[in-house]
Amino acid sequence: MSDAQTLIENRPPSVAALFLERVAATPDAEAYRYPVPPSAGEGPDEWKSLTWGRAAERVYAIAAGLIELGVQPEQRVALAASTRIEWILSDLGIMCAGAATTTIYPQTNADESAFILSDSASRVLIAEDAAQLAKAVEKRAELPDLTHVVVIDPTGMDKDGGADWILTLDELEKRGAARLEKDADLVKERVGAITKDQLATLIYTSGTTGRPKGVRLPHDNWSYMAKAIAATGLVGADDVQYLWLPLAHVFGKVLTSGQIEVGHVTAVDGRVDKIIDNLPVVQPTYMAAVPRIFEKVYNGVAAKARAGGAAKYKIFQWAAGVAREYAKVSQDNFRRTGTASVPFALGAKHKVADTLVYSKLRDAFGGRLRACVSGSVALAPEIGFFFAGAGIHILEGYGLTESSAASFVNPGEAYRTGTVGKPLPGCEVRIAEDGEILLRGPGIMEGYHGLPEKTAEVLEADGWFHTGDIGELSPDGYLRITDRKKDLFKTSGGKYVAPTEIEGSFKSVCPFVSNILVHGADRNFCTALIALDEVALMGWAGENGLGGKPYAEVVAAPETVAMVEGYVKELNEGLQRWQTIKKFRLLPRDLDVEHGEITPSLKLKRPVVEREYAHLLEEMYEGTREA
């Protein structure tokens, strides 16, 4: 048996048990860093630290406080908050009470929040602030199971006439601490009673269609994930992780489990607008992100170079080309020989480009970044090769909410851009006859909450889970995702088209794109709806006689349409005839979560976008003959 197998098979029944082990092993080591805004409202944030021991005091107080509120094992406690230190402490407190966390994105509207609270039968809601509390107050009549709301930040909070069903997190912790003074072993006893099959987390898929489904993830899923992440060897005890991903999403959540097993430091701040400011302060050695972040960084660097004049932009374009060539050659050589060598001339060009461009880019990431993990949706390979050549190594991974997030990840130095790497230890994979990826292993969900028929549609009796994704395995086990099974469409000419692959290619060609949707099911050619990145576009507008005009006016300008058309032609040169984009329309604004067009994890909701912009799609097909 390998060391990895031993590590995984000898796992405790829960992450709560792992947390107790970590606290006992390294109580005085730093566990978390988190920002505290200045009291005056101006100036930089002050970053504070929590040791594992101090974190445990708060976690145990939260757990005991929930027990005081009457929460029983496996009963649900909902968490509606952004990524912050209190989210992690609350989630651990819920698990240490033997209860289960129901995750709710803070952007979720009152109706859908009420649906999740009701469907999960959540007993307590831990709400971030007055805005999240207001949703529960508005829908309280529809929530007979909800007995209490605990508010993390009480600023501006209305206690509903002093109602005792609303309290602050600080008050909950004080109640818990008082209970622990009388019963010191209360939490340890609850943790000791947890079995591996007990429900730990209920994550509602944000869903690209229809009502969200609650994915039931028992304690064993997270214990396995913690051990499997450690077994990859990708992270060590000396690492510093920068965690900003939504913790309501399975990708963010799994990173908290891995950290507990490994014992490294995590800096927590979910404010996306603070990422650029935080990176030089935190100086992470690794971080996880979704492809949109890397696309934004790439577009931003390109726009900055363009704003510096023709000479600077030419240098950037040259350096970007060198980076891609360097990454492709070095990865190919590593695959064949085990050494990431490059020819002398390419190495010399790369050294010059590093001085002029890449080193500044690495400094912007804090200067110590070993690797980034990318997931949720596919990263355009050309963007991946650019960052790889610049010395920012993006290890793509793959998983779903139903597989506890991490099923595949690229193996460190041997990573291959354009693939999602190899399966984690303990995860089995096979490709069905129609190309669908099937997974089996300790990370797979128990099923959908209260939906046995839906569970049976994707989970076979022998444990194989149907992912709904199409992919292919290399002879040495690297997986490449080609598309979502349900997103594949057939043109009226009978040709299959994988839209996400085309969309990813366009993002690597056009530095101004934010979102793109390729359409063509049962049509005789493909079209596209394109949303442009406001920051990058407005920079271009200033250089092209459109400065000072509002975004919507710039998007509608003939010059902008002509500029994008050039990139569409460039894209089409690399596509099969039936895949090419014959017509496109630019959208008057970017797609966003608030309008329900993308999920909080930044996945495109195709049906919503196609429905909202049906008039533009029909306009592109007017007067064409359908087969």
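Since we're looking at a predicted model, the values are computed, not measured.

**Q** Describe the sheet that holds strand E8 (residues 199-204), with residues and values.
**A** The 8 strands lie next to each other as E7-E6-E5-E3-E4-E8-E9-E19, forming an open sheet whose pairing is mixed. Edge positions in the sheet fall to strand E7 (166-168) and strand E19 (447-448), since each has one partner strand and no second. In this structure, strand E6 (residues 148-151) lies alongside E7, joined through 3 bridges in parallel fashion. Note on E7: the bridge partner recorded for valine 151 is threonine 168. Contacts from helix H9 (residues 219-232) reach E8 and strand E9 (214-218) within the one sheet, and its direction differs from that of E9 by about 65°.

**Q** An account of the pairing of strand E12 (residues 286-289) is requested, with residue identities and associated values reported.
**A** Along E12, one buried face is formed by Tyr286 and Ala288 and the opposite face, lined by Met287 and Ala289, is buried too. Sheet analysis places strand E10 (residues 240-243) next to E12, joined by 2 bridges and oriented parallel. Residue pairing in the sheet places tyrosine 242 in a bridge with methionine 287 of E12.

**Q** Lay out the pairing of strand E3 (residues 76-80) in plain terms, naming residues and giving numbers.
**A** In terms of burial, E3 is largely enclosed, as 5 of its 5 residues are buried. What you see with E3 is no split at all: Arg76, Ala78 and Ala80 on one side and Val77 and Leu79 on the other are buried throughout. As defined by bridge partners, E3 adjoins strand E4 (residues 100-104) across 5 bridges and the pair is classed as parallel. The partner of arginine 76 across the bridge, within E4, is alanine 100. In terms of handedness, the path from E3 via helix H4 (residues 85-96) over to E4 forms a crossover that is right-handed.

Cut-offs used in this document
Here the residue numbering is sequential within each chain, running from 1 through the sequence in written order. Reporting in this predicted model follows two pLDDT cut-offs: at least 70 for local features of residues, and 80 or more for side-chain atom pairs to be given and counted; totals over whole chains, interfaces and linings ignore these cut-offs and use all residues. To obtain the side-chain values, all non-hydrogen atoms of the structure were included, while hydrogens and water were left out. Each pair of strands is called paired provided DSSP finds at least two bridges between the two strands. Secondary structure elements are taken from DSSP: a helix is a run of H or I of four residues or more, a strand is a run of E of two residues or more, and numbering for both begins at the N terminus. Contact criterion: two residues are considered in contact whenever any of their non-hydrogen atoms come within 4.5 Å of each other. Axes here refer to lines fitted to C-alpha atoms; in helices the fit is confined to the stretch in contact. Angles between the N-to-C directions go from 0 to 180 degrees. Exposure is judged per residue with a 1.4 Å probe applied to protein chains only, and the accessible area is read against the type maximum: over 50% gives exposed, under 20% gives buried, and values in between give partly exposed. Orient the strands so they point away from the viewer; a crossover is then right-handed if the path from the first strand over the helix to the second runs clockwise.

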